[in-house]
Amino acid sequence: MGASHLPSFASSMVALLFGFCFLSLLPEFAAGVTRHYTFNIKYHNVTRLCHTRSIISVNGQFPGPRLVAREGDRVIVKVVNHVSNNITIHWHGVRQLTSGWADGPAYITQCPIQTGLSYTYNFTITGQRGTLLWHAHISWLRSSVYGPIIILPRRNESYPFGKPHNEIPIIFGEWFNVDPEAIISQALQTGGGPNVSDAYTINGLPGPLYNCSSKDTYKLKVKPGKTYLLRLINAALNDELFFSIANHTLTVVEGDAIYVKPFDTDKLLIAPGQTTNVLLKTKPYFPNATFFMQARAYFTGMGAFDNSTTAGILEYKHPSNLSISSSKLPVYKPTLPPTNATSFVANFTRKFRSLASAQYPANVPQKVDRKFFFTLGLGSNPCPKNTTCQGPNGTKFAASVNNVSFVLPSTAILQAYFFGQNNGVYTTDFPVNPPNPFNYTGTPPNNTNVSNGTRAVVLPFNTSVELVMQDTSILGAESHPLHLHGFNFFVVGFGFGNYDPNEDPKNFNLVDPMERNTAGVPAGGWLAIRFFADNPGVWFMHCHLDVHTSWGLRMVWIVLDGPQPNQKLSPPPSDLPKC
C-alpha cells in the first residue's frame, strides 16, 4: 500500500472505531444474543409418596429445565410433542411485545401442538429482569410441565442490591397420586369440585412431613456469613402458599421480575403464577442446627383444599474440623400464618412498592381513558337433563367474570382476529360492568346461574385502562390471583367489602405502586389496577387457580395495532399449529 493512502485509511479507521464506540454507547446496541432451547415433551416415570406415575414433562426433568437469558436477549424455543396429549407452553410474565403468537395459551393465541408435531416460540425479553416461569397452558398439564425463567441484567449492569454469593430457584408445586387430567375431566363431567392434590412440593420434592417421603426432601446447603438470592416461584395448580424458613429473615427485593423497595419479613405469601426474589443472609457462624423451610396453603373458600405442608431443609456446611452428622443436630421449624390469615395477606401485600427511581421508573397511567368494573367469583350452570350433578344444589360448578363464564373456542382467537375470519369464533361485546348489580360481598342472590360465551373487550392501541375487580360472596368469598397476559399492570389500590367509586380512588397509590403480572383479588374485597394497552394482539386474563379457570373465570382483551411499524402485531410464523 502506497504512503499516500495512509492518511485516508487511518482517518477511515478512526471514523470506524469512533462509530463502534458511539454504537456501543447506545442502549439498544447493548443488544442481546439469541438463545436456543429445545423442549421435548415426553412421558417419564416419577415416584413420590410411594406412588409411581407416568407424568408429562420437558426433557425428562421434573421440574423442567431452567430457561436463562439476559434482558434484551432473543429466545427461541422449539417445542416437540412426543405425547398423546395436545400441548402448548406459556412464558408466564414475558411481555411478548408484538410477538403474541409466542404467548402460548391454547385456543387464545394458538392452536395446540398436536402429537408428533413441533412449534418454535420466538420472543425477545424487553425491559424485564428477575424471575418468571414457563408452564403448559392447556387443561391441567402445568401440574408437571413447568420450570423457571431466569432473566439476568444486561452485561455490565448490576442488581440494585449487593451481589449474592449464589442464586437458587425454589419452585413450589403440587403432586397428585393420580393423573390430574383425569381429575379435572371427571370434575367437569360431574359438575362437582375436583379432588385436591396429595402433597405440595419444593423443587419437585414433598419433604419429610408426608408419609413415605423422607428421602424426597429438598436440601439447600449454605455457608455461614453469606447472602443467597432465592428465586421463589409458585407453580402450584390451585393454591396460594405461605412460606417461611425457621429462625431466618428474608429480604424481598423483587416480584414478578420487577425490583421492589426492599423489605424484611420472616414469612411471605406467594400466589400461583407469582415470583418473589428474596435475599437470605445466613448466620455468621455454624449454628449447630438445621432449619426447616415450609410452605402450606392460604385458603378462604368453602370447598376442599390440600391442607398439608411441604418442607425442605436449610443445612449449614460444617466447619472442616467438625464431624457432626446432620441427623444428630436439633431441627427448628417455622411458624406459618393460619390457613385463612387474610389480614396477614393484606398487610404483606401492602409492603410491595416499585422502586420508582430514575433507572427503574414506575410509569403509572395518571389519567384514564377507559374504566372497567369486573365482578369475579363462582356460580353455577344448570345440570343437563336426565343427569345428576354434584355441584351446589344439584347444579354444576361454574365461575365467571361479570357473570360471563368464558367458553374456549375450537380455533385460536388470535388467528381469527388477525385474518379477519371471526365467523362466530368470538364476539366483542364483553360487559364492561356487571349486568345485574347486587350487594357483592353481602348475602348472595338466589339465582347463581352464569351466562356462557366467548366474548372479548376491544381496546385501541395505547389506551390507558383502569380495571377494578370485585370478589363476590356467591358460593363463598375467595381470593383470586388474577393473571394478565402480555402486560404488567400497576396495583393502585385494594380493599375489603364493596368497592366505592367515590371514596376508594382518593386513596389510590399513583406514585410507587407495585407492578405485577399476577395479583390477588382479596377474599370479600376488590383490587384496582392500571395499565397502558401498548401491546397489540389478543391477551388472556384469568384466575391462576386452574380449577377456576377450567370453570370459566377467564376473558380476553383485544388490543388493536398502533400507527408505527413497531406497534403492529407481526404475521404468524409459518409453523403455527393448526386446530
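Residues numbered from 1 in each chain as written. Predicted model: local features only at pLDDT ≥ 70, side-chain atom pairs only at ≥ 80, totals over all residues. Heavy atoms only, no water.

The name given to the protein chain in an unreviewed UniProt entry is Laccase, with Melia azedarach as the source organism.

Engineer: Honestly, the sheet that holds strand S17 (residues 275-281) in this entry has me stumped. Any pointers?
Structural biologist: Within a sheet, neighbouring strands are paired by backbone hydrogen bonds and run either parallel or antiparallel to one another. Taken together, 6 strands build an open sheet; the order of strands is S10-S9-S12-S17-S14-S15 and the sheet is mixed. Each edge of the sheet is formed by a strand with only one pairing partner; in this case those strands are strand S10 (199-202) and strand S15 (258-265). If you compare each strand with its neighbour and ignore which way they point, the axes differ by 25° on average. As defined by bridge partners, strand S14 (residues 250-255) adjoins S17 across 5 bridges and the pair is classed as antiparallel. Of the residues in S17, the one forming a bridge with Thr 251 is Leu 279. (Pairing = 2+ DSSP bridges. Helix = DSSP H or I, 4+ residues; strand = E, 2+ residues; numbered from the N terminus. Axes fitted to C-alpha atoms, helices over the stretch in contact; angles between N-to-C directions.)

Engineer: It is not clear to me how the packing of aromatic side chains should be interpreted in this structure. Could you clarify?
Structural biologist: The relation between two aromatic rings is expressed through the spacing of the ring centres and the mutual angle of the planes. The full count for this structure, using the stated rule, is 37 aromatic pairs. Counting every residue linked through ring pairs, the aromatic cluster contains Phe 372, Phe 374, Phe 430, Phe 487, Phe 531, Trp 539 and Trp 557. Directly above the aromatic system of Trp 175 lies the positively charged group of Arg 53, at a separation of 4.9 Å from the ring centroid. (Phe/Tyr/Trp six-rings, centres within 6.5 Å; stacked < 30°, edge-to-face > 60°. Lys NZ or Arg CZ within 6 Å of the ring centre and 35° of its normal.)

Engineer: Got a minute to help me understand the pattern of salt bridges in this structure?
Structural biologist: Note that side chains of opposite charge can pair when their charged atoms are close. As enumerated under the stated definition, the model contains 16 salt bridges in all. Between Asp 546 and Arg 142 there is a salt bridge, with the nearest N and O atoms lying 3.0 Å from each other. Residue Asp 546 is located in helix H5 (residues 546-551), and its partner Arg 142 is located in the loop between strand S7 (130-136) and strand S8 (146-152); the two are separated by 404 residues in the primary sequence. As a salt-bridge pair, Arg 530 and Glu 466 come within 2.8 Å of each other at their nearest N and O atoms. Note that Arg 530 is positioned in strand S31 (residues 525-533) and Glu 466 in strand S26 (residues 463-471), a separation of 64 residues in sequence. Each of the two residues, Arg 530 as well as Glu 466, counts as buried. Three or more residues joined by partner-sharing salt bridges are found here, namely Glu 71, Arg 129 and Arg 154. (Salt bridge = Lys/Arg side-chain N within 4 Å of Asp/Glu carboxyl O. Buried < 20%, exposed > 50% of the residue type's maximum accessible area, 1.4 Å probe, protein only.)

Engineer: What's the story with the sheet that holds strand S2 (residues 51-58) in this structure? I'm lost.
Structural biologist: Pairing within the open sheet is mixed, and its 4 strands lie in the order S2-S1-S4-S6. This sheet does not close on itself; its edge strands, each paired only once, are S2 and strand S6 (118-124). Sheet twist, expressed as the average angle between the axes of neighbouring strands with direction ignored, equals 20°. Where strand S1 (residues 34-48) meets strand S4 (residues 74-81), 8 bridges bridge the pair, whose relative direction is parallel. Across the sheet, the residue bridging to Asn 40 is Val 80, located in S4.

Engineer: I keep staring at the pairing of strand S32 (residues 537-543) and nothing clicks. Help me out?
Structural biologist: Remember that side chains alternate between the two faces of the sheet whenever the strand is regular. Where burial is concerned, most of S32 is hidden: 7 out of the 7 residues are buried. The two faces of S32 match: Gly 537, Trp 539, Met 541 and Cys 543 on one face and Val 538, Phe 540 and His 542 on the other face are all buried. Of the strand pairs in this sheet, S32 and strand S33 (residues 554-559) are connected by 6 bridges, and their pairing is antiparallel. Across the sheet, Val 538 pairs through a bridge with Ile 558, a residue of S33.

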